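If you want the building blocks of each chain, they are given just below.
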Amino acid sequence: MFTLITGRTLEQGRTMEIGKFTKDYMDRVAICEINPEDLKKIGVESGSNVKVKTAYGEVVVKAVSSNTTSPGVVFIPMGPWANMVVNPDTQGTGMPNLKGVPCQIEATGEAIPGIYDLLKKISDKTFEAKISKPEVAVSGRSETYSNVVCCFCGCVCDDLEVSVENGKIKSVKNGCAISMAKLLNYDRERAYKPMVRKNGKLVETSLEEALNEAAKILAEAKYPLIYGWSSTSNEAMRHGVYLAELTGGVVDNTSVSCHGPTILGTQQAGVVKATLGQIRNRADLIVYWGCNPVYAHPRHTVRYSAMAKGRFVKGRKERKIVVVDVRPTPTSKIADMFIQVKQGMDYELITALRMAVKDHTIEAPTVAGVPREKILELADMFRSARFGVIFLGMGLTMTSGKGRNLEEAIKLVQDLNEWTKFVLLAMRGHYNVTGTNEVIVWLTGYPYAVDFMLGYPRHNPGITTATDVLIRGDVDAALIVASDPASHFPRKAVEHLAKIPTIVIDPRWSPTASLADVFIPTRYVGIECEGVVYRMDGVPLRAKKLVDPPPEILSDEEVLGKLVEKVEALKLGR
Ligand code: SF4
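**Student:** Explain the sheet that holds strand β8 (residues 160-165) here, please?
**Tutor:** Paired through backbone hydrogen bonds, the strands of a sheet run either parallel or antiparallel to each other. Pairing within the open sheet is antiparallel, and its 3 strands lie in the order β7-β8-β9. With one partner strand each, in any of the chains shown, β7 (143-148) and β9 (168-173) form the two edges of the open sheet. Taking each pair of neighbouring strands and ignoring which way they run, the sheet shows an average axis angle of 25°. When β8 meets β9, the two strands line up antiparallel, connected through 5 bridges. Across the sheet, valine 164 pairs through a bridge with isoleucine 169, a residue of β9. Across the sheet, helix α6 (residues 177-184) touches β8 and β9, and the angle it forms with β9 is around 170°.

Pasting the structure below:
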């Protein structure tokens, strides 16, 4: 028996932006990293296919030998293959157990399924779109833009330089591998016409007909799910909240499956935060706990944290770096101290650190696999910092404990503020996921999972979270905007999504789009239209328009505005 963990990798992020239906993506994501000793024990060679079985399903992936994966632990990058075997139980938080799932692994002669093969196991509704380039040439403008906002991860780097030639992005300066993959491949895997499902197949139609169908689905639904938002603008999100109110549905955003537990912990304990600018200029101790920015936020360390040249702390030599994780990572290679915590035991380690910081006696010789002396050394390092920061990742939010891990980490930071300046910041993954929480909280008072069934907003994680309403089969229709839950939700949730009438509004074709009943293509915010987005530290930035959109393609904000009018007409008779 092994323990399965899932997570981001650099190649998962890069190839996802080139295209989820490419062989490259499948080669990087349909894999299982296994320690060489474990490979020997189960008689499997690196590069051959294995079947991963859990209590929730099974999937065939390629075994890859990995020295960074501890014996007994295996790793599958997040994506459609991992979703087949993760634990859908959210334990009352909305966040499924995407790490720490017991699994068996065996050699198999079966082939690795493609994305459409996986979707066909879930639903016979699956539609394989003809992914195309625009039929009509876009505008021939040529220009170089500076201070461009990157539209991939929560770092929202705003110093990119992008050259456009004849209406096409030709080069990107200052970007990381993922931002280059995104900006240079934004026109791949797109479908440029609205579609509605007729006789089981999606067929191209006019925007008007697609909007009419979408409005009918939402107006007739008793309890629709309005979900997504992390890759669109705050302006578009505003319409989503109103649609949920209008239809008596539930509006949620992608934070449910990343930092929803962080928000729960923050609601319990409050939080001491700082902007990335303050951290860059002042932090002399940086802790990455349960996160791997070198892979998931590639410019974070150089632009904002470990390696960044600040005004008062001049660079790496003037900082101490600590990484706490269940296995060595590329980020741990740049650390002064790496603490390997036992999988699922972060809470115990944080509690022990709180005891050490307060000079209480720790009697156990090891806590969560970490020797007591190491914990005392770490506590000393924390207390002697002038300005410390803990960056928290999904290693804490996706394991058991979830929001309680975060609550305890926040309390540790509060304890440390009796000694010195210490702050905590969540490593928000997706582009504008922070903005989704901000907008929904302004409008409803709650940051995610907001239910309007009774006509007023209620927030009840574990009940009104998107994952839970899908897994329980509560919702009878869905509107998905700028996100791809079929690639990131557990199989059970996707199975229900495939059963109910679903509308997808997205610039790109995706596994979720292939299960839709109505698909409406839109412009990329930050490439084909402007919009306001939030950086992971809550700083708002205006994303620029770089190229003209394909003809007749509107922004998410415009499409949703039209949809609101049509739903109002059906529901309110306006
Ligand atoms: S670190 Fe994130 S925001 Fe910055 S350039 Fe890379 S993908 Fe874009």
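From this point, things continue past the structure.
**Student:** So what exactly am I meant to see when it comes to the sheet that holds strand β4 (residues 57-65) here?
**Tutor:** An order of β1-β5-β2-β4-β3-β6 is seen for the 6 strands of this closed barrel, with the pairing classed as mixed. The sheet shows a mean angle of 45° between the axes of neighbouring strands, taken without regard to direction. Bridge count for strand β3 (residues 49-54) against strand β6 (residues 99-107) is 4 bridges, and the pairing is antiparallel. From the neighbouring strand, valine 50 faces β6, where its bridge partner is alanine 107.

**Student:** Even after reading the chapter, I still don't get the layout of surface pockets, so can you show me in this structure?
**Tutor:** Here the idea is plain: a probe the size of a water molecule rolls over the atoms and shows the empty space left. Here the largest pocket defines a volume of roughly 380 Å³. For the largest pocket, the lining is made up of 17 residues, of which Ile263, Thr266, Val271, Lys273 and Arg428 are closest to its centre. Looking at the lining of the largest pocket, the elements that each hand over two or more residues are α9 (260-269), β20 (421-426) and α17 (433-444). Tallied by class, the residues present in the lining of the largest pocket amount to 8 nonpolar, 6 polar and 3 charged. When we break the lining of the largest pocket down by domain, the ones giving at least three residues each are domain 2 (189-258 + 437-524 + 552-572) and domain 3 (260-426).

**Student:** Is there a simple way to think about helix α8 (residues 234-247) in this case?
**Tutor:** Residues spaced three or four apart along an α-helix face the same direction, because each turn holds 3.6 residues. The terminal C-alpha atoms of α8, which comprises 14 residues, lie 20 Å apart, in line with the 20 Å expected from a rise of 1.5 Å per residue. Among the 14 residues of α8, 11 are classified as buried, and the element is accordingly described as predominantly covered. Considered for burial, the residues of α8 that qualify are Asn234, Glu235, Ala236, Met237, His239, Gly240, Val241, Leu243, Ala244, Leu246 and Thr247.

**Student:** Sorry if this is basic, but what is going on with the pattern of salt bridges here?
**Tutor:** Side-chain pairs of opposite charge can arise where the charged atoms are in close proximity. Scanning the entire structure with this criterion turns up 42 salt bridges. For lysine 51, the salt bridge is made with glutamate 110, and the minimal N-O distance between the two is 2.8 Å. In this pair, lysine 51 sits in strand β3 while glutamate 110 sits in the loop between β6 and α5 (115-122), placing the two residues 59 residues apart along the sequence. Glutamate 408 is the partner of arginine 354 in a salt bridge, and the nearest nitrogen-oxygen pair spans 3.3 Å. Placement of the pair is arginine 354 in helix α13 (residues 346-357) and glutamate 408 in helix α16 (residues 403-416), with a sequence separation of 54 residues. The same class applies to arginine 354 and to glutamate 408, which are both buried. Several salt bridges share partner residues, and in doing so they unite Glu11, Arg14, Asp24 and Arg28 into one network.

**Student:** Looking at this structure, I do not really get the environment of proline 549. What am I missing?
**Tutor:** With respect to the element layout, proline 549 can be found in the loop between β27 (540-543) and α21 (556-572). C-alpha separation for the pair proline 549 and aspartate 187, spaced 362 residues apart in sequence, amounts to 10.0 Å.

**Student:** For this particular structure, what's the right way to read the domain arrangement of the protein chain?
**Tutor:** Interface size is commonly expressed as the accessible surface area that is lost when the partners come together. Once the domains are mapped, the protein chain shows domain 1 (2-113), domain 2 (189-258 + 437-524 + 552-572) and domain 3 (260-426). With centres defined by C-alpha atoms, the gap from domain 1 to domain 3 works out at 27 Å. Contacts between the two partners involve 22 residues from domain 1 and, on the opposite side, 18 residues from domain 3. Carbon and sulfur atoms supply 66% of the area buried between domain 1 and domain 3, which totals about 1,600 Å² over both sides. The largest contributions to the domain 1 side of the interface with domain 3 come from Leu10, Met95 and Lys99, which together make up 34% of the buried area. The interface formed by domain 1 and domain 3 holds 1 salt bridge in total. Between glutamate 33 and arginine 327 there is a salt bridge, with the nearest N and O atoms lying 3.1 Å from each other. The tally of links between domain 1 and domain 3 comes to 6 residue pairs in polar contact (both at pLDDT 80 or more). Elements represented by at least two residues in the side of domain 1 that touches domain 3 include exactly β1 (2-7) and β6. A per-class count over the side of domain 1 that touches domain 3 returns 7 nonpolar, 11 polar and 4 charged.

**Student:** Can you help me understand a nonpolar patch on the surface in this one?
**Tutor:** Among the surface-exposed residues, Val441, Trp442 and Leu443 lie close enough to one another that they form a single nonpolar patch of about 290 Å² accessible area. Structurally, tryptophan 442 can be placed in helix α17. Note on tryptophan 442: relative accessible area 52%, which makes it exposed.

Parameters at a glance
Counting restarts for each chain: residues are numbered from 1 in the order of the written sequence. Local features in a predicted model are, by the rule used here, given only for residues with pLDDT of at least 70; side-chain atom pairs are given and counted only at 80 or more, and totals for whole chains, interfaces and linings are based on all residues. In computing side-chain properties, one takes all heavy atoms of the structure into account and sets aside hydrogens as well as water. The criterion for strand pairing is that DSSP finds at least two bridges linking the strands in question. Numbered from the N terminus, helices here are DSSP runs of H or I no shorter than four residues, and strands are runs of E no shorter than two. Axis definition: a line fit to C-alpha positions, over the contact stretch in the case of helices; interaxial angles, taken between N-to-C directions, run 0 to 180 degrees. The criterion used for residue contact is that any of the two residues' heavy atoms lie within 4.5 Å. A cavity here means a set of 1 Å grid points, computed over protein atoms only, where a 1.4 Å probe fits but cannot escape. A pocket is an open set with protein on both sides within 12 Å along at least 5 of 7 lines, and lining residues have an atom within 4 Å of a point. Grid points are joined across faces, edges and corners, and a volume is the space filled by probe spheres set on the points. Note on residue classes: Ala, Val, Leu, Ile, Met, Phe, Trp, Tyr, Cys and Pro are nonpolar, Asp, Glu, Lys and Arg are charged, and everything else, Gly too, is polar. Reported domain spans reflect what an automatic or database domain assignment gives. To estimate the expected span of a helix, subtract one from its residue number and multiply by 1.5 Å. Under the scheme applied here, a residue whose accessible area is under 20% of the maximum for its type counts as buried, over 50% as exposed, and between as partly exposed, the area being computed with a 1.4 Å probe on protein chains only. What counts as a salt bridge is simple: a side-chain nitrogen of Lys or Arg found within 4 Å of a carboxyl oxygen of Asp or Glu. Throughout, the accessible surface (probe 1.4 Å) given up by two parts as they are put together, summed over both, is called the buried area. Here a polar contact is recorded for every N or O atom pair within 3.5 Å, except that within protein the pair must consist of a potential hydrogen donor and a potential acceptor, and residues adjacent in sequence are included only if both atoms are side-chain atoms. Patch definition: residues above 30% relative accessible area lacking any salt bridge, with like charges linked at up to 9 Å and the nonpolar side chains Val, Leu, Ile, Met, Phe, Trp and Tyr linked at up to 5 Å. We get accessible surface area from the Shrake-Rupley algorithm with a probe of 1.4 Å; when it comes to residues, only the shown protein chains can shield them.

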